[in-house]
Amino acid sequence: MSDDERAISAFIERMGLAAQGDGLPRIAGRIIGYFIIHGGPTSLSALARELRVSRASISTNARMLRDLGVLDATAVPGDRQDYYQLAPRHYLRVMEGYLERMGVLGESLSTAQDEIDDANRGAQMRLADMHRFVTAARAQTRSLIDNLRADSANDD
């Protein structure tokens with residue numbers, strides 16, 4: 001194995017550990033690492049061989065990553081296999097999904113604040129604190145997304 005191949009393999013493994021640390025399956029992180037290096041399109045069979053993981057596990061995790069906006073499903077003319085590739089600027093899609101989920105959480109917190117009696121002061125304080133956090137996190141994330149998009153427009 002060449003030094004470059006070792007470096008790529010180590011990067012893919014570190015991505016797996018990073019994903020695992022974030023609560024995702026380790027194989028999902030390894031898949032992300034693979035596609036950051038190779039881009040795609042790559043068939044699920046080839047990906048299973050490359051990462052030495054069962055095709056079923058690759059398929060499950062690839063679908064999850066597609067649903068998160070990290071991967072795009074694609075086709076190769078004349079081939080009936082499922083192919084995936086890294087979605088362009090996938091991190092923006094992931095952050096947009098985070099923004100949506102945090103928006104739902106913010107609405108839930110607001111509803112709880114309205115519905116829970118003000119006499120339950122402890123609950124109201126914790127709800128208000130969490131709501132302030134969610135509002136600030138959403139604003140900062142939106143700003144980051146906007147800045148990254150503006151940087152991308154300037155690169156074009």
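Residues numbered from 1 in each chain as written. Predicted model: local features only at pLDDT ≥ 70, side-chain atom pairs only at ≥ 80, totals over all residues. Heavy atoms only, no water.

Asks: Whenever I open this one, the nonpolar core confuses me. Can you help?
Replies: Note on soluble globular proteins: their nonpolar side chains tend to be buried together. Judged by nonpolar contacts, the single largest core of 18 residues is most densely connected at Ile31, Phe35, Leu47, Leu51, Ile58, Leu65 and Leu71. Elements supplying a minimum of two residues to this core: α2 (26-38), α3 (44-51) and α4 (55-68). Top element by residues in this core is α2. It accounts for six residues. Setting aside anything within four residues of it in sequence, one finds isoleucine 58 in contact with Ile27, Ile31, Leu44, Leu47, Ala48, Leu51 and Val53. Counting residues in hydrophobic clusters, the runner-up holds six residues, among them Met102, Leu127, Val134 and Ala137. (Core = buried A, V, L, I, M, F, W, Y, C linked by side-chain atoms within 4.5 Å. Buried < 20%, exposed > 50% of the residue type's maximum accessible area, 1.4 Å probe, protein only. Helix = DSSP H or I, 4+ residues; strand = E, 2+ residues; numbered from the N terminus. Contact = heavy atoms within 4.5 Å.)

Asks: Mind showing me how you'd approach the packing of aromatic side chains here?
Replies: Aromatic rings considered in pairs are described by the distance between their centres and by the relative angle of their planes. With the rule as written, the count across this model stands at one aromatic pair. On the numbers, 5.3 Å between centres and 90° between planes, the contact of tyrosine 34 with phenylalanine 35 is edge-to-face. Since its relative accessible area comes to 0%, phenylalanine 35 is described here as buried. (Phe/Tyr/Trp six-rings, centres within 6.5 Å; stacked < 30°, edge-to-face > 60°.)

Asks: I keep staring at the sheet that holds strand β2 (residues 71-74) and nothing clicks. Help me out?
Replies: Whether parallel or antiparallel, the strands of a sheet pair through hydrogen bonds between backbone atoms. Taken in spatial order, the three strands line up as β1-β3-β2 in an open sheet, and their pairing is antiparallel. Either end of the sheet is taken by a strand with one partner, and the two such strands are β1 (42-43) and β2. Sheet topology note: the β2/strand β3 (residues 83-86) ladder contains four bridges and is antiparallel. Bridging from a neighbouring strand, threonine 74 pairs with tyrosine 83 of β3. Sitting on the sheet, α2 is in contact with β1, β2 and β3, with an inclination near 75° to β3. The sheet strands contacting α4 are β2 and β3, and the helix crosses β2 at an angle near 110°. (Pairing = 2+ DSSP bridges. Axes fitted to C-alpha atoms, helices over the stretch in contact; angles between N-to-C directions.)

Asks: So what exactly am I meant to see when it comes to the confidence of the model for the protein here?
Replies: Where the model shows low pLDDT, its predicted coordinates should not be examined in detail. For the protein, the average pLDDT comes to 93, and 99% of its residues sit at 70 or higher. Across the protein, the secondary-structure element scoring lowest on mean pLDDT is helix α6 (residues 121-155), at 92, and the one scoring highest is α2, at 96. (pLDDT = per-residue confidence, 0-100.)

Asks: Just to check I follow, could you spell out the pattern of salt bridges for this structure?
Replies: Under the counting rule described, the total for this entry stands at nine salt bridges. Here arginine 6 ties to aspartate 3 by a salt bridge, and the two come within 2.7 Å at their closest N and O atoms. Pair noted here: arginine 6 and aspartate 3 are both in helix α1 (residues 3-21), with a separation of three residues, about one helical turn. The partly exposed category is assigned to arginine 6, whose relative accessible area is 42%. One salt bridge connects aspartate 129 with arginine 132, and the closest N-O pair in it is separated by 3.6 Å. Pair noted here: aspartate 129 and arginine 132 are both in helix α6, with a separation of three residues, about one helical turn. A residue is classified by how much of its surface remains accessible, and arginine 132, at 53% relative accessible area, is exposed. Through salt bridges that share partners, Glu96, Arg142, Asp146 and Arg149 make up one connected network. (Salt bridge = Lys/Arg side-chain N within 4 Å of Asp/Glu carboxyl O.)

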